[in-house]
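Coordinate inspection notes
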Amino acid sequence: MSNPDALLVDIAAMVESERSNQMPLTVVVPGAVITGRLAPERLWHERVAEVLAGSDHLKPFAALFTPATSDGGAEGDGVAPPSVRPTHLHLHVARILQGSFGLPHTGGMYRIAIADVSSWTVGDLSYSDQ
């Protein structure tokens, strides 16, 4: 999308201001349908840093997601100030829907440019065998 959906930007801004991580959202981006919970950027960064820090091979990358070294935001806090409109969605417990499967099965962490979202719906889509 050349013009990000204003309502989607408003939803992302509300999640940022409320610090909520319970907003279920499904988005369509080029080549994928992704479903998960919209999280504040700071929380998303913290969770990614935790996962990376727990890996012997990926531990050095954790520093990129910690507030002291993240790019942007006010006074080096790692996130955009509240007055700045979000440009990205931060999903956790997220899955790429592929056929009748959600990958990864346990959910992952995805950062998606709002400008790349062609359609979206509130809710976490899943498949059922019944």
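Scroll up for the structure.
Residues numbered from 1 in each chain as written. Predicted model: local features only at pLDDT ≥ 70, side-chain atom pairs only at ≥ 80, totals over all residues. Heavy atoms only, no water.

What follows covers the overall build of the chain. Helices and strands together make up the secondary structure of the chain, namely 2 helices and 5 strands. Across the 130 residues of the chain, 34% fall into the buried class. Taking contacts inside the chain between residues at least 6 apart in sequence as the whole, the part at least 24 apart equals 59%. Surface exposure of the chain reaches about 7,800 Å², of which carbon and sulfur atoms provide 57%. (Helix = DSSP H or I, 4+ residues; strand = E, 2+ residues; numbered from the N terminus. Buried < 20%, exposed > 50% of the residue type's maximum accessible area, 1.4 Å probe, protein only. Contact = heavy atoms within 4.5 Å. Areas by Shrake-Rupley, 256 points an atom, 1.4 Å probe, with all protein chains shown as cover.)

Let us look at helix α2 (residues 41-53). Because each turn of an α-helix spans 3.6 residues, side chains separated by three or four positions in sequence point in the same direction. Taking 1.5 Å of rise per residue, the 13 residues of α2 would be expected to cover 18 Å, and the 18 Å separating its terminal C-alpha atoms lies within 8% of that figure. Among the residues of α2, those classed as buried are Glu 41, Leu 43, Trp 44, His 45, Val 48, Ala 49 and Leu 52. For α2, the elements touching its buried residues are α1 (6-18), β3 (88-98) and β4 (101-113). (Expected span 1.5 Å × (residues − 1).)

A few words on α1. Taking 1.5 Å as the rise per residue, α1 with 13 residues should run 18 Å; its terminal C-alpha atoms sit 18 Å apart, in good agreement. When we look at burial in α1, the residues that qualify are Leu 8, Val 9, Ile 11, Ala 12, Ala 13 and Val 15. Structurally, α1 contributes buried residues whose contacts are with β1 (23-29), β2 (32-38), β3 and β5 (119-122). Two or three places before Leu 7, at the opening of α1, Asp 5 has a side-chain oxygen 2.8 Å from that residue's backbone nitrogen. (Polar contact = N/O pair within 3.5 Å; in protein donor to acceptor, adjacent residues only side chain to side chain.)

Moving on, we get to a nonpolar patch on the surface. A cluster of nonpolar side chains, Leu 58, Phe 61 and Leu 64, forms an exposed patch at the surface whose accessible area comes to about 290 Å². Tracing the backbone shows Leu 58 in the loop between α2 and β3. (Patch = residues over 30% accessible without salt bridge, like charges linked within 9 Å, V, L, I, M, F, W, Y side chains within 5 Å. Salt bridge = Lys/Arg side-chain N within 4 Å of Asp/Glu carboxyl O.)

Bridge count between β3 and β4: 8 bridges; the pairing is antiparallel. When the bridges of β4 are listed, Ile 96 appears paired with Leu 103. The loop that links β3 with its antiparallel partner β4 comprises 2 residues; one of these, Gly 99, has a positive phi angle of about 60°. (Pairing = 2+ DSSP bridges.)

Everything listed here is a matter of coordinates, which is why it stays silent on function.
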